[in-house]
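Take a look at the letters that make up each chain.
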Amino acid sequence: MHDSRTCTLRIAGLPRDMPVDRLREELGQLASTHGNVRRVVVNILDNKREGVVTFDEPGMADNARRKMHKSYFFEHPLDVELDLNAGMSSAIGDRDRGGGGGYAKVAERDRGGKTLDLIEEMDDALATCRLSISDLHPSVQDAEVERVLKPYGAIESIYIRRDSFSAGCTADVKLRSLTSSVRAKRELDGTTLLRGLGGRAPRVEFRMGPPCNELWVGSVHGSVTEQIVKSRFEEFGKVLGVRILRGSKSSHVSFDTTAMAEKAARGMRGRMLGTSNWRLKIDFWERGGERVERGGGGMWNAATPPP
């Protein structure tokens with residue numbers, strides 16, 4: 001019988017070909033279906049990867065171990081064990097939860113043993129997968145934006161908008177994951193890694209997509225059902241359908257009209273569902289993906305990368 005006094009799991013058998021940032025996110029999403037996750041760390045040593053996941057309570061860790069051990073994660077069988085050396089310190093240490101639940105700030109080690117500080121995620125109600133980078137130098141091209149943003153995760157699209165009034169330009173970027181977007185904003189806003197207009201540091205802000213009748217809802221806890229989502233969003237208009245995507249902790253909500261969806265976006269952003277303390281993130285969902293353009297500061301996406 002396992003000793004369940006620890007809140008921490010050690011997970012071996014992780015895929016080696018997945019980018020570490022995505023691996024950490026996917027592992028956190030899987031673990032969160034079994035309880036409230038406090039932190040996720042991915043350690044790399046001798047080309048092997050080990051995940052360390054800490055839950056709020058020992059019972060959650062024990063339940064996750066039973067459910068995840070020998071299960072398949074991207075076609076790799078997992079070897080999951082309780083970290084008895086962690087004890088209860090992982091549950092009682094560092095109690096600052098920030099603004100609304102999610103993973104605590106953690107450290108991730110690369111092959112050289114260098115520590116890379118990661119950001120607290122899921123704590124900004126305005127967060128979306130889209131970033132608006134304004135006050136850029138007019139000569140900035142999408143390839144330069146891609147080079148700076150690529151280390152944060154997969155990029156779905158980049159669109160450069162030229163501003164004839166300020167002589168500068170703005171880059172609208174959509175990243176594949178919320179984790180990547182939050183991290184990029186935190187680390188790039190106020191820096192000069194991208195060339196700014198007049199030598200100033202560009203501004204990096206979250207943005208929403210063009211209004212439509214369908215919403216993407218992020219930070220949906222595993223305890224939340226489709227019926228809970230529907231009942232809350234029906235306060236803003238007729239809901240045609242709800243689909244929860246457990247793997248990405250998100251949901252799609254379809255309304256009868258765009259006006260209803262816009263009203264719901266304003267009313268539900270930052271709210272909580274059920275008994276969870278996760279604050280919802282809201283964006284408009286573009287069925288079929290972004291349009292693809294290229295040339296003269298246009299748009300490209302992952303399906304048709306630039307030459």
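In this report, the structure presented in the accompanying data block is examined.

1. Remarks on the environment of valine 20
At step 1: Note that valine 20 resides in helix α1 (residues 20–32).
At step 2: For valine 20, a relative accessible area of 17% corresponds to the buried category.
At step 3: A sequence separation of 24 residues divides valine 20 from isoleucine 44, and the C-alpha atoms of the two residues are 9.0 Å apart.

2. Here we look at the sheet that holds strand β15 (residues 250–255)
At step 1: The strand order across the open sheet formed by four strands is β14-β15-β13-β16, and the pairing between neighbours is antiparallel. Because the sheet does not close on itself, it has two edges, and the strands there are β14 (239–245) and β16 (281–284). The average undirected angle you get between the axes of adjacent strands in this sheet is 20 degrees.
At step 2: The sheet contact formed by strand β13 (residues 214–218) and β16 spans four bridges and is antiparallel. Among the inter-strand pairings, glycine 218 is bridged to a residue of β16, identified as lysine 281.

3. Things to note about the nonpolar core
At step 1: If you look at the biggest cluster of nonpolar residues, it comprises 25 residues, and the most contacted ones within it are Ile133, Val145, Leu149 and Val173.
At step 2: When contributions to this core are tallied by element, the ones reaching two or more residues are β9 (130–136), α4 (142–149), β10 (155–162), β11 (169–175), α5 (178–188) and β12 (203–206).
At step 3: The residues contacting leucine 149, other than those within four sequence positions of it, are Leu131, Ile133, Ile155, Val173, Leu175, Ala184, Leu188 and Leu194.
At step 4: Counting 22 residues, the second-largest nonpolar core is a separate cluster that includes Leu9, Ala61, Ala64 and Phe73.

4. Regarding the pairing of β14
At step 1: Across six bridges, β14 lies against β15 in antiparallel orientation. Note that in β15 the partner of leucine 245 across the bridge is serine 250.
At step 2: Connecting β14 to the antiparallel partner β15 that follows it, the hairpin turn spans four residues, and lysine 249 within it adopts a positive phi of roughly 55 degrees.

5. A look at unusual backbone geometry
Comment: phi is negative for the bulk of residues other than glycine, and the bulk of peptide bonds are trans.
At step 1: Of note, phenylalanine 74 is a non-glycine position whose phi angle comes to about 50 degrees, a positive value.
At step 2: Inspection of the secondary structure puts phenylalanine 74 in the loop between β4 (72–73) and β5 (76–77).
At step 3: Of the residues examined, phenylalanine 74 reaches a relative accessible area of 38% and is grouped as partly exposed.
At step 4: The phi dihedral of glutamate 75 is positive, around 70 degrees, even though this residue is not glycine.
At step 5: Mapped onto the secondary structure, glutamate 75 falls in the loop between β4 and β5.
At step 6: Take glutamate 75: its relative accessible area is 73%, and that puts it in the exposed class.

6. Some remarks on the packing of aromatic side chains
At step 1: Applying the stated criterion to the full structure yields two aromatic pairs.
At step 2: Geometrically, the ring pair formed by phenylalanine 73 and phenylalanine 74 is edge-to-face, given 5.0 Å between the ring centres and 85 degrees between the ring planes.

7. Remarks on the packing of α1 against α5
At step 1: Where α1 contacts α5, the axes come no closer than 10 Å and their chain directions differ by 125 degrees. Classified by the interaxial angle, the pair formed by α1 and α5 is oblique. Across from Asp21, Arg24 and Glu25 in α1, the residues of α5 making contact are Leu178, Thr179, Ser180 and Arg183.
At step 2: Among the residues forming the contact of α1 with α5, the class breakdown is one nonpolar, two polar and four charged.

Reading the values: rules and limits
- Residues numbered from 1 in each chain as written.
- Predicted model: local features only at pLDDT ≥ 70, side-chain atom pairs only at ≥ 80, totals over all residues.
- Heavy atoms only, no water.
- Helix = DSSP H or I, 4+ residues; strand = E, 2+ residues; numbered from the N terminus.
- Buried < 20%, exposed > 50% of the residue type's maximum accessible area, 1.4 Å probe, protein only.
- Pairing = 2+ DSSP bridges.
- Axes fitted to C-alpha atoms, helices over the stretch in contact; angles between N-to-C directions.
- Core = buried A, V, L, I, M, F, W, Y, C linked by side-chain atoms within 4.5 Å.
- Contact = heavy atoms within 4.5 Å.
- Phe/Tyr/Trp six-rings, centres within 6.5 Å; stacked < 30°, edge-to-face > 60°.
- Parallel < 35°, antiparallel > 145°, perpendicular 65-115°, else oblique.
- Nonpolar A, V, L, I, M, F, W, Y, C, P; charged D, E, K, R; others polar.

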